[in-house]
Amino acid sequence: MAQTKPEKTVEWQGRQVPVWPMRTINYDLLLSQDPEEVDKVLKACLEDGYFQLNLDSIDGRRMLEDREQLLKLMNRFFDAPLEKKNEYGLIDSHLGYEPVGNRTGAFGAGSKDGYEMLKVSRDEIQQGSPRVPSPIKNSGDLHQLEQVIGSCNTITKVILAALSTGLGLAGKDRFENSHRNDRPSATTLSMMHYLPAEVTGQHKVGHQKHTDISSLTLLFSDQWGLQVRPPGECGALEMGFVEPKKNCAFVHVGDSLRFASGMKFQSCIHRVVPFDPTEHRYSIAYFLRAEDDTMFMDSEGRYVTAKDWHDQKFKAFTDPWFYQAQAPKTMILGGMIEAGADDPEPVAAYAPPPVQAPA
Ligand SMILES: O=C(O)CCC(=O)C(=O)O
Ligand SMILES: [Fe+2]
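The name recorded for the protein in an unreviewed UniProt entry is Fe2OG dioxygenase domain-containing protein, from Apiosordaria backusii.

**Q** How should the sheet that holds strand β10 (residues 188-194) be read in this particular structure?
**A** In a beta sheet, neighbouring strands are held together by backbone hydrogen bonds and run either parallel or antiparallel to one another. The strand order across the open sheet built from nine strands is β3-β4-β15-β12-β17-β10-β9-β6-β5, with neighbouring strands paired in mixed fashion. With partners counted over all chains shown, the strands left at the sheet margins are β3 (24-26) and β5 (90-92), one partner each. When strand polarity is set aside, the average angle formed by the axes of neighbouring strands in this sheet is 25 degrees. Looking at chain direction, β5 and strand β6 (residues 95-98) are connected through two bridges and run antiparallel. Its bridge partner lying in β6, Leu90 is registered against Gly96. Packing of helix α2 (residues 35-48) onto the sheet brings it into contact with β3, β4 (50-54) and β15 (248-253), and relative to β3 it is tilted by some 150 degrees. Those strands touched by helix α3 (residues 60-79) are β9 (115-121), β10, β12 (216-220) and β17 (281-288), and its axis lies near 115 degrees from that of β17.

**Q** Honestly, the site of ligand 1 in this entry has me stumped. Any pointers?
**A** The environment of ligand 1 is formed by Ser190, Met192, His207, Asp212, Leu219, Ser221, Leu226, His270, Val272, Ser283 and Ala285. For the shell around ligand 1, the elements supplying multiple residues, two or more each, are β10, β16 (269-272) and β17. Per-class residue counts for the shell around ligand 1 are five nonpolar, five polar and one charged.

**Q** What's the story with α2 in this structure? I'm lost.
**A** Spacing of three or four residues puts side chains on the same side of an α-helix, whose turn is 3.6 residues. Between the first and last C-alpha of α2 there are 19 Å, a value that for 14 residues agrees with the 20 Å anticipated at 1.5 Å per step. Taken as a whole, α2 has its buried residues at Val38, Val41, Ala44, Cys45 and Asp48. Each buried residue of α2 lies within a common arc of 145 degrees when the element is viewed along its axis, so the set occupies one face. Residues of α2 that are exposed and point over 90 degrees away from its buried face: Pro35 and Glu36. Taken together, the buried residues of α2 touch β3, α1 (27-31), β4, α6 (139-166) and β15.

**Q** Before we go on, may I ask you to explain the pairing of β15 in this structure?
**A** Regular strands place their side chains on alternate faces of the sheet. When you tally the buried positions in β15, you get six out of six residues, the bulk of the element. Residues Cys248, Phe250 and His252 of β15 are buried on one face, and the alternating residues Ala249, Val251 and Val253, pointing to the opposite face, are buried as well. Here β4 pairs with β15 via five bridges, running antiparallel. Among the inter-strand pairings, Leu53 is bridged to a residue of β15, identified as Ala249. Across four bridges, the pairing between β12 and β15 is antiparallel. From the neighbouring strand, Leu218 faces β15, where its bridge partner is Val251.

**Q** I tried to follow unusual backbone geometry on my own but got confused; where do I start?
**A** Excluding glycine, a negative phi dihedral is what most residues carry, and trans is how most peptide bonds are arranged. In this structure, Gln33 takes a positive phi of about 55 degrees despite not being glycine. With respect to the helices, strands and loops of the structure, Gln33 is situated in the loop between α1 and α2. Look at Gln33 and you get partly exposed, because 13 C-beta atoms sit within 10 Å. In this structure, Asn247 is a non-glycine residue whose phi angle is positive, near 70 degrees. Of note, Asn247 is situated in the loop between β14 (240-241) and β15.

**Q** Where do I start with the nonpolar core in this structure?
**A** Soluble globular proteins tend to pack their nonpolar side chains together in the buried interior. Membership of the largest hydrophobic core comes to 80 residues, with the highest contact counts inside it found for Val41, Ile159, Ala249 and Val251. The greatest single-element share of this core, amounting to nine residues, is contributed by α6. Residues contacting Val251, with those up to four places away along its chain left out, are Tyr50, Phe51, Leu53, Ile159, Leu216, Thr217 and Leu218.

**Q** Where do I start with the pairing of β6 in this structure?
**A** Where β5 folds back onto β6 in an antiparallel hairpin, the turn is made up of two residues. With three bridges connecting them, β6 and β9 associate as antiparallel partners. The partner of Glu98 across the bridge, within β9, is Met117.

Rules used throughout
Residues numbered from 1 in each chain as written. Chains lettered and ligands numbered in written order. Predicted model: local features only at pLDDT ≥ 70, side-chain atom pairs only at ≥ 80, totals over all residues. Pairing = 2+ DSSP bridges. Helix = DSSP H or I, 4+ residues; strand = E, 2+ residues; numbered from the N terminus. Axes fitted to C-alpha atoms, helices over the stretch in contact; angles between N-to-C directions. Contact = placed C-beta atoms within 7 Å. Near = placed C-beta within 6 Å. Nonpolar A, V, L, I, M, F, W, Y, C, P; charged D, E, K, R; others polar. Expected span 1.5 Å × (residues − 1). Buried ≥ 20, exposed ≤ 12 C-beta atoms within 10 Å, placed from the backbone. Arc of directions from axis to C-beta. Core = buried A, V, L, I, M, F, W, Y, C linked by C-beta atoms within 7 Å.

This is how it looks when you write it as structure tokens:
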């Protein structure tokens, strides 16, 4: 939003951290391809790489209800014993269960992530034979997952259509044409549970700084913790929080759409930090991804398929820090340029208080 100084800050780890504003896009207006709203969403992708989507309308509220139901399902799933949750393990990079600590954490080298995650493939739900672990495999649960994936798919396609229109794309060049429902893709619904640092230990916190592999990410969390680095006008600004708003979802432009736009769109640089290190945080992300064999030029100037980009970047996410550092520099951030440190002062990752000896 062409802003270089935060208007609002919040205290975190003993200092004032920016709360960056976001454009708010109205889903109801976008559904009718309202020209002003199309223009606004286009600007958000060209200048920021993210926005908030207001879903408070009769079509959007269905999604908000689906989200409430899904949160209940997630609570039940994450409460199940580890061996049940991990029944199939991580079947494929976009599908299955990942325990805490599988990836790099919020504070880079030496830190590990502080969340467990279950991903359900859209293709498998569509084919009617999803591999989901037994704690959430009854027909009611599967119906719920289908509802959420269906709602997220519709919403992200509406956004995609508006962006094609905004860029003046026609026919086969429209973005929707590389995101067809009947073609294989790594599109997935990802359910995340961030555990308090006291449970995971102080070196397992949050979610590392990255841009998403996807074309568009529709992200739901009512809890603080998400930080973005706005591209700004003169290089990238400091990492700052974004405020969760009732009835809104966050939307991120991911690498695939940035590449498909010929690098016109910004990709959203973000991470998740423990805002309140004592709380459990739940988030839901729908990653709309291009058809596996879609070709684009990546941030290294290579021609790659959407599937290759997905697999290579996923490997970089999960590789130990040493190997991650050897991946092409532009991979984790999709070629987005940064200026300056993430945190102007060193961040003391949350350390659990020492146990008091009984008096
Ligand atoms: O949990 C969140 O709020 C964000 C998760 C995220 O960035 C991701 O899964 O790519
Ligand atoms: Fe992300």
